[in-house]
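# Coordinate analysis (summary)
Here are the chains, one letter per residue:
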Amino acid sequence: MSEQNQPTKMWSGRFREPLDSGFEQWQRSFPFDWRLLPQEIAASTAHARVIAAAGVLTSEELDRMVAGLALVGELKLTESEFHNPNFPAAASIAQAEDIHHFVELELTRAIGDLALKLHTGRSRNEQIATDMRLYVRDSIDAILEGLRSWAFALVELAETSSDAVMPSYTHLQRAEPVLVAHWLLSYVSMIERDISRLRNARARMNYCPLGSGAIAGATLALDRLIASEALAFDAPTPNSMDATSDRDFALEFTQALAVIGLHISRFAEELTLFSTAEFGFLDLPEAFSTGSSAMPQKKNPDLTELIRGKSGRLIGSATALSVLIKGLPLAYNKDLQEGQEPVFDASRTMQGMLAVLPAFTNSLKFRYDRMAAAATSGYLNAMAAATYLSNRGVPFRKAHEQIGHAVRFGLESGRELNALTLDELKAFGEHFAEDFYDAITIEAALDCHDVIGGTARARVRAALEDARSRIAVDVEQPA
Ligand code: ARG
């Protein structure tokens, strides 16, 4: 095929035959990697500075190139522009194999043949590795903000719940009473771990692949520090083979998102359950619920259900990346292109969830009366009762047994522990006294858990303050 009618490719020189048109369309990544335009512009601008420092571009050429890249970066690419023949970049959109090719085509349109010098001393393999790192880094920063907002909403809700109580559950059977605030703070603890996991992942991935070349390192003596600093990486990556094929950063990111999804999903599951008539612990906020087209009485918890569903999707992204990477020989393989969409999807899915969660959390109205009723019936104070006896020197095993007998007796006569008379109690052990009744009130059943991390009222008040200040500090620190 002659040069004139050969399709414009970044690599067509050694080819005599054109690509099969079906294959050509199918192998393109531009239909999804257009999302990397801001990252590709930033990385290309940094590379332009590197090659200018190496003498490949004059300072005037560098200026023109940087200005041209900025111009290309102003394009507002969106999904719908792909089908808009009047979009200024329509010809490049139709032709571009990937985001790297697109920027080269558009830069050529903007500044002419000077654009063709930009690829000096670099390879798309290091470019995509860099773009993806930048994308993941930007995503982490946005997700950290979202997590903090949700944590604040939970802390706020916990504060308004004051001394409200609810049952806690093990085996989904009522266990002991806890403060509603204590329950809500358990999710804040999960979020704090999620924040630290993302921050760690961010620190581990913050190295710049530019200068790694196709596999063996750039063929020009490039000052890799220039690009690394310009892109706010901590340092250049230390090994070109690893740098061009490493996707640990994407894997860790999607795995961390899968874990966050699990946490959010547990929250969603609890609220779904608590909003049922059987529990009746909350009225679903109408602004976040939907009705049924068939059953007029229905109010359905779509938000929490969708969140459960989307968390499954996040696990899917992490799994897709694991399977993709397993068994890939070093270094770059085109398989890696398939790793982009799970990252984009996970990032957007998580950001979407975090966009609705704070407002949803703010709008939650608990039925504290129902929660309190459930927390004060069904012998949830049995543990406090056994503690009363053990505080009087009864070995815990025996105390447990005596309270067990009292519970059995109460069950048979349909009474709670506080409705049993002292004489009745004394039949189970000699250490019961009048102050027993004070030791099994709801307040006492909370306050006997007076340890760090326990549900005693003073401990939870302190925990709330601690959580609030930890999250506030996190906001002030750069991620
Ligand atoms: N679109 C490609 C990707 O996402 C860019 C790297 C292409 N490199 C190559 N040697 N074909 O992986």
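I will try to describe carefully the structure that is included in this document.

Definitions and limits used
Here, residues in each chain are numbered from 1, in the same order as that chain's written sequence. Restriction of local features to residues with pLDDT of at least 70 applies here, the model being predicted, together with a cutoff of 80 or more for giving and counting side-chain atom pairs; totals for whole chains, interfaces and linings are based on all residues. With hydrogens and water excluded, all non-hydrogen atoms of the structure serve as input to the side-chain values. Secondary structure elements follow DSSP: runs of H or I no shorter than four residues count as helices, runs of E no shorter than two count as strands, and numbering proceeds from the N terminus. It is over C-alpha atoms that the radius of gyration is taken, and the globule rule equals 2.2 Å times the number of residues to the power 0.38. When accessible area is computed with a 1.4 Å probe and restricted to protein chains, residues below 20% of their type maximum are described as buried, those above 50% as exposed, and intermediate ones as partly exposed. By definition in these notes, contact holds between two residues if any of their heavy atoms fall within 4.5 Å. Only the protein chains shown count as cover for residues, with accessible areas throughout obtained via the Shrake-Rupley method and a probe of 1.4 Å. Under the convention used throughout, the expected extent of a helix is 1.5 Å for every residue step, that is, one less than its residue count. Ring pairs are drawn from Phe, Tyr and Trp, using the six-membered ring of Trp, whenever the two centres fall within 6.5 Å, and their geometry is named by plane angle: stacked under 30 degrees, edge-to-face over 60, tilted for the rest. Working rule: Lys NZ or Arg CZ, within 6 Å of ring centre, within 35 degrees of ring normal, means a charge sits over the ring. Here, proximity means that at least one heavy atom of the residue falls within 4 Å of the molecule or strand. Distance and chemistry together define a polar contact, namely a pair of N or O atoms within 3.5 Å, with one atom able to donate a hydrogen and the other to accept it when in protein, and with adjacent residues in sequence counting only for side-chain atoms on both sides. Only Asp, Glu, Lys and Arg are considered charged, only Ala, Val, Leu, Ile, Met, Phe, Trp, Tyr, Cys and Pro nonpolar, and every remaining residue, Gly among them, polar. At least two bridges found by DSSP between two strands is the condition for calling them paired. A side-chain nitrogen of Lys or Arg and a carboxyl oxygen of Asp or Glu constitute a salt bridge if their distance falls within 4 Å.

### Points about the overall build of the protein
Scanning the protein from N- to C-terminus turns up 20 helices and six strands. Against the globule reference of 23 Å for 479 residues, the protein gives a C-alpha radius of gyration of 31 Å, more extended than a compact globule. Summarising its shape, the C-alpha atoms of the protein cover approximately 105 × 55 × 40 Å along the three principal directions. When burial is assessed residue by residue, the protein has 48% of its 479 residues classed as buried. For the protein, restricting intrachain contacts to residue pairs at least 6 apart in sequence, the fraction spanning at least 24 positions comes to 74%. Entry remark: accessible area of the protein is about 22800 Å², with carbon and sulfur atoms responsible for 54%.

### Focus: helix H7 (residues 124-161)
Given a rise of 1.5 Å per residue, 38 residues ought to cover 56 Å, and the 55 Å separating the end C-alpha atoms of H7 matches this to within 8%. Of all 38 residues making up H7, 28 are buried, and the element is well covered by its neighbours. Backbone geometry just downstream of H7 places Ser162 in the positive-phi region, at approximately 50 degrees.

### Description of the packing of aromatic side chains
All told, the structure shown has 22 aromatic pairs when counted by the stated rule. Seen in terms of ring centroids, Phe30 and Phe102 are 4.7 Å apart; in terms of plane orientation they differ by 20 degrees. Their pairing is stacked. Remark: Phe102 occurs in helix H6 (residues 99-111) and Phe30 occurs in helix H2 (residues 30-33); sequence separation between them is 72 residues. The pair formed by Phe30 and Phe102 is uniform in burial state, with each residue classed as buried. Summarising the aromatic geometry, the rings of Trp183 and Phe366 are spaced 5.7 Å apart at their centres and angled 70 degrees between planes, so their arrangement reads as edge-to-face. Highlighted residues: Trp183 in helix H8 (residues 180-205) and Phe366 in strand S6 (residues 365-366), separated in sequence by 183 residues. Here the aromatic residues Trp150, Tyr169, Trp183, Tyr187, Phe267, Phe274, Phe279, Phe281, Phe366 and Tyr368 are joined through ring pairs into a cluster of three or more. The residue whose ring lies beneath Arg14 is Phe15, and the NZ or CZ to ring-centre distance is 5.6 Å. A cation sits over an aromatic face here: Arg137 above Phe233, 4.8 Å from the ring centre.

### What to know about the site of the ligand
Around the ligand, the structure places Ser29, Asp98, His100, Arg124, Asn125, Ile128, Tyr332, Gln337 and Gln340. Tyr332 is positioned such that a nitrogen or oxygen atom in its side chain is 2.4 Å from an oxygen atom of the ligand. Gln337 places a side-chain nitrogen or oxygen 2.8 Å from a nitrogen atom of the ligand. In isolation the ligand offers 350 Å² of accessible surface; the protein chains occlude 86% of this area. At three residues, H7 tops the list of elements feeding residues into the shell around the ligand. Residues of the shell around the ligand, tallied by class, amount to two nonpolar, five polar and two charged.

### Section: the pairing of strand S2 (residues 173-179)
Taken together, the five bridges between strand S1 (residues 165-170) and S2 define a ladder with antiparallel strand orientation. What sits directly across from Thr170, in S2, is Gln173. Counted between consecutive antiparallel strands, the loop separating S1 from S2 contains two residues, among which His171 sits at a positive phi close to 60 degrees.

### Examining the pattern of salt bridges
This structure, assessed with the given rule, holds 26 salt bridges. For Arg415, the salt bridge is made with Glu424, and the minimal N-O distance between the two is 3.0 Å. Residue class for Arg415 comes out partly exposed when judged on its relative accessible area of 23%. Each of Lys9, Glu24, Glu97, Asp98, Arg124 and Lys334 takes part in salt bridges that share partners, so that together they form one network.

### Structural notes on the environment of Val323
Looking at the element boundaries, Val323 is found in helix H12 (residues 302-325). For Val323, a relative accessible area of 59% gives the class exposed. The spatial distance from the C-alpha of Val323 to the C-alpha of Gly339 is 9.9 Å, given a sequence separation of 16 residues.

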